[in-house]
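As a plain string of letters, each chain reads:
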Amino acid sequence: MSAAGELFIRDGYVATTIGAIAEQAQVAIKTIYAAYGNKLGVLSAAHDRAVLGDGGPTPLLQHAWVRALADAESVEVAWAQAADRLAESTARAAPTMAAIHAAAADPGVTELLADLRRQRHAFSLGLARILLDLPGARPGVTGRVADVIYATMTAESYALFVIERGWRLDQWRDWAHSAVARELTTAPGLQPDLPTQRTR
């Protein structure tokens, strides 16, 4: 997947061919088709590899570091650990996400992008549930916390702050960490989720 990811980032999704991917990876074209089905499947796999790193195809919520958050001594400690991990994976995935956004006129890529967003929000919701079950967490704000994680720890915000505006990675991570931390702990003036909110 590293060969495909490099080509998508360098040349773009539209210009990259299965033949070029196979040549770069030094495998047969039929091997690519057998493993991923088509070029869109390769793009999806390249994104997943960028996000998960060496963690393999295991869903992110099932990774050992995520499961270990439930044993943290407080919500603050757990979120600090999670923010470090998410900042690393987001920075890794940002170039591939930029290639996906650039090719969004393709109907298949549009559908992939929508699916990736659904997956990311589902992860944000699962992470929020883990964090809000820890000592020091605010009650009744699962949907709100999930939405803030979803909106801050993103390749899009990374691109704006780090790539476009020149922030360092640690500055962007600290900003995102602080935005979510404010939602996680008891803070006057912040309202809990409304009963009608869809994400509970």
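The structure under discussion appears in the preceding block.
A brief structural summary. (Residues numbered from 1 in each chain as written. Predicted model: local features only at pLDDT ≥ 70, side-chain atom pairs only at ≥ 80, totals over all residues. Heavy atoms only, no water.)

1. Description of the overall build of the chain
Piece 1. Across its full length, the chain holds 10 helices and zero strands.
Piece 2. The C-alpha radius of gyration of the chain comes to 18 Å, within 12% of the 16 Å expected for a compact globule of 200 residues.
Piece 3. When the backbone C-alpha atoms are referred to their principal axes, the chain occupies close to 60 × 35 × 30 Å.
Piece 4. Scored against the burial criterion, the 200 residues of the chain give a buried share of 42%.
Piece 5. Relative to all contacts within the chain whose residues are 6 or more apart in sequence, the contacts with residues 24 or more apart total 65%.
Piece 6. Per element, the accessible surface of the chain, about 10700 Å² overall, is 54% carbon and sulfur.
Piece 7. Each charge class in the chain was averaged separately, 19 positive and 21 negative side chains, and the resulting centres sit 3 Å apart. (Helix = DSSP H or I, 4+ residues; strand = E, 2+ residues; numbered from the N terminus. Rg over C-alpha atoms; globule rule 2.2 N^0.38 Å. Buried < 20%, exposed > 50% of the residue type's maximum accessible area, 1.4 Å probe, protein only. Contact = heavy atoms within 4.5 Å. Areas by Shrake-Rupley, 256 points an atom, 1.4 Å probe, with all protein chains shown as cover. Lys, Arg positive; Asp, Glu negative; His and termini not counted. Charge placed at Lys NZ, Arg CZ, Asp CG, Glu CD.)

2. So, the nonpolar core
Piece 1. With 55 residues, the main nonpolar core has Phe8, Ile21, Trp79, Ile100, Leu127, Leu131 and Leu184 as its most contacted residues.
Piece 2. For this core, the leading source of residues is helix α6 (residues 75-102), giving 12 residues.
Piece 3. Contacts of phenylalanine 8, omitting those with residues within four sequence positions, involve Tyr13, Thr16, Ile21, Lys39, Val42, Leu43, Ala46 and Ala99. (Core = buried A, V, L, I, M, F, W, Y, C linked by side-chain atoms within 4.5 Å.)

3. So, the packing of aromatic side chains
Piece 1. Scanning all chains against the criterion turns up four aromatic pairs.
Piece 2. Summarising the aromatic geometry, the rings of phenylalanine 8 and tyrosine 13 are spaced 5.7 Å apart at their centres and angled 35 degrees between planes, so their arrangement reads as tilted.
Piece 3. Take phenylalanine 8: its relative accessible area is 0%, and that puts it in the buried class.
Piece 4. Looking at tyrosine 13, the relative accessible area reads 8%, which means it is buried. (Phe/Tyr/Trp six-rings, centres within 6.5 Å; stacked < 30°, edge-to-face > 60°.)

4. Concerning the layout of surface pockets
Piece 1. As a volume, the largest pocket reaches approximately 620 Å³.
Piece 2. For the largest pocket, the lining is made up of 28 residues, of which His47, Val51, Leu60, Gln119 and Arg120 are closest to its centre.
Piece 3. Secondary-structure elements contributing two or more residues to the lining of the largest pocket are α4 (39-52), α6, α7 (107-131), α8 (142-152) and α9 (155-164).
Piece 4. Ranked by residue count, the leading element in the lining of the largest pocket is α7, at eight residues. (1 Å grid on protein atoms, 1.4 Å probe; cavity = no way out; pocket = protein on both sides within 12 Å on 5 of 7 lines; lining within 4 Å. Points joined across faces, edges and corners; volume = space filled by probe spheres on them.)

5. Examining unusual backbone geometry
Among all residues except glycine, the phi angle is most often negative; among peptide bonds, the trans geometry is most common.
Piece 1. Its identity as a non-glycine residue notwithstanding, glutamine 26 has a phi of 60 degrees, on the positive side.
Piece 2. Counting through the fold element by element, glutamine 26 comes out in the loop between α2 (18-25) and α3 (29-36).
Piece 3. On the basis of relative accessible area, glutamine 26 is assigned to the exposed category, the value being 73%.

6. Thoughts on the pattern of salt bridges
Piece 1. In total, this model carries seven salt bridges according to the counting rule given.
Piece 2. Residues aspartate 11 and arginine 10 are paired through a salt bridge, measuring 2.9 Å at the closest nitrogen-oxygen approach.
Piece 3. Judged by its relative accessible area of 37%, aspartate 11 is partly exposed.
Piece 4. Note that arginine 168 is salt-bridged to aspartate 170, the shortest N-O span being 2.9 Å.
Piece 5. Linked through salt bridges whose partners overlap, the residues forming this network are Asp84, Arg173 and Asp174. (Salt bridge = Lys/Arg side-chain N within 4 Å of Asp/Glu carboxyl O.)

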